[in-house]
Amino acid sequence: MSACEEVVIEPDATRGVAHNPIDEVIASRLSCREFSGSPVARATIEQILRVARFAPSGANIQPWHVYVLAGTAKAEVSAALLHAFETEPSEHVSEYQYYASEFPEPYLGRRQEFGRLFYGSLGIAQSDAAARSRQTAKNFGFFGAPVGLIITIDRRLAMGSWLDLGMFIQNVMLAAVGRGLQSCPQETFAKYHRILRPALSIPAEQMVACGISVGHPRERGRARLMPRADLEAFVSFKGFED
């Protein structure tokens, strides 16, 4: 599979249709890190969140909470986060562990490939720590997106509710694509919960899970940068031969 692949949606022979609109939305979602800055109306974000809330959750718990930022409020939060990133680089950590302490294969190889492809696409050498830091800093401005979401979950819930939260977050991103927008999920916001909590009046029982940048992409129709494994790498079929 090439590093910069074009997503191809195969015809659905079982239904006799060339393209499924849901497949189109899923395949065209990407993590956008360059937004045009064109405004997105509050009504559009409300539509996205209204449809995203239909994500499944065990016992219908619906464990998510969303803080929506735009305009001056977003700028103030971004400035505070960027200041902390630049002046207190080692004093902010997430309340949960996102990555494993050690990666077995094939995950280690995939992570290393991500670094090569991502920084290579930006012309940043792996050894250029200053340039990598400048790129990381763009997270806190939501990559120029006009809307930023901060997603939290009640810390009193268990791992199953985190699965539910992931489905809700995916729904948010897909609903954005359906409205001509793109997004970028960003775990790095979780590290700065001590700043976000007072700024957004987040209650103590809520844990910051991630942020999501939402807006119009600066470039449309870009090829997908990150490859995806073929089915043989992650699917096991049983019983279809019977």
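First, a word on scope: everything that follows refers to the structure included in this document. (Residues numbered from 1 in each chain as written. Predicted model: local features only at pLDDT ≥ 70, side-chain atom pairs only at ≥ 80, totals over all residues. Heavy atoms only, no water.)

### Some words on the nonpolar core
Membership of the largest hydrophobic core comes to 49 residues, with the highest contact counts inside it found for L149, I150, F168 and L196. Listing elements by their share of this core, those giving two or more residues are helix 2 (42-52), strand 1 (64-70), helix 3 (71-87), strand 2 (147-154), helix 6 (159-177), helix 7 (193-200) and strand 4 (206-215). The leading source of residues in this core is helix 6, at seven residues. Apart from residues no more than four positions distant in its own chain, L196 is found in contact with V77, L81, I150, F189, S201, I202 and V208. In this structure, L117, F118, Y119 and I124 belong to the second largest nonpolar core, which totals six residues. (Core = buried A, V, L, I, M, F, W, Y, C linked by side-chain atoms within 4.5 Å. Buried < 20%, exposed > 50% of the residue type's maximum accessible area, 1.4 Å probe, protein only. Helix = DSSP H or I, 4+ residues; strand = E, 2+ residues; numbered from the N terminus. Contact = heavy atoms within 4.5 Å.)

### Regarding the pairing of strand 4
The buried count for strand 4 comes to ten of ten residues, which makes it a mostly enclosed element. Judged from the eight bridges that link them, strand 2 and strand 4 form a sheet pairing that is antiparallel. Among the inter-strand pairings, G148 is bridged to a residue of strand 4, identified as S213. Bridge analysis of strand 3 (residues 182-186) against strand 4 gives five bridges, and the strand direction is antiparallel. Following the sheet pairing, Q182 is matched in strand 4 by G215. (Pairing = 2+ DSSP bridges.)

### Regarding the pairing of strand 2
Most of strand 2 is tucked away: eight of the eight residues are buried. Neither face of strand 2 is open: one carries V147, L149, I151 and I153, the other G148, I150, T152 and D154, and all of them are buried. In this sheet, strand 2 lies alongside strand 1 in antiparallel orientation, the contact comprising seven bridges. Its bridge partner lying in strand 2, H65 is registered against T152.

### Considerations on the environment of L149
By the element assignment, L149 lies in strand 2. Aside from chain neighbours lying at most four places away, what touches L149 is I45, V66, Y67, V68, F142, V172, C210, G211, I212 and V214.

### Remarks on the environment of A125
Among the secondary structure elements, A125 is positioned in the loop between helix 4 (107-121) and helix 5 (129-137). On the accessibility criterion, A125 (40% relative accessible area) is partly exposed. Along the primary structure A125 and G115 are separated by ten residues, whereas in three dimensions their C-alpha atoms are 9.8 Å apart.

### What about the pattern of salt bridges?
Evaluation of the coordinates by the stated rule reveals five salt bridges. Between R42 and E46 there is a salt bridge; the shortest N-O distance is 2.8 Å. Taken together, the residues span about one helical turn, with R42 and E46 both in helix 2 at a distance of four residues. With relative accessibility at 68%, the residue R42 sits in the exposed group. R50 is paired through a salt bridge with E46; the nearest N and O atoms lie 4.0 Å apart. Of this pair, R50 and E46 both sit in helix 2, four residues apart, which is roughly one turn of that helix. Assessed through its relative accessible area of 47%, R50 is described here as partly exposed. For E46, a relative accessible area of 30% gives the class partly exposed. Residues joined in a network through salt bridges with shared partners are R42, E46 and R50. (Salt bridge = Lys/Arg side-chain N within 4 Å of Asp/Glu carboxyl O.)

### Regarding the packing of aromatic side chains
Taken as a whole and judged by the stated rule, the model has eleven aromatic pairs. Plain terms: the ring middles of Y98 and Y99 are 4.7 Å apart, the flat faces sit at 85° to each other, and that makes the pair edge-to-face. Exposure remark for Y99: the relative accessible area of 45% places this residue in the partly exposed category. Ring pairs connect the aromatic residues F85, F140, F142, F189 and Y192, which therefore count as one cluster. Between R111 and the ring centre of Y99, over which it is positioned, the NZ or CZ distance is 4.5 Å. The ring of Y119 carries the charged tip of R132 above its face, separated from the ring centre by 4.2 Å. (Phe/Tyr/Trp six-rings, centres within 6.5 Å; stacked < 30°, edge-to-face > 60°. Lys NZ or Arg CZ within 6 Å of the ring centre and 35° of its normal.)

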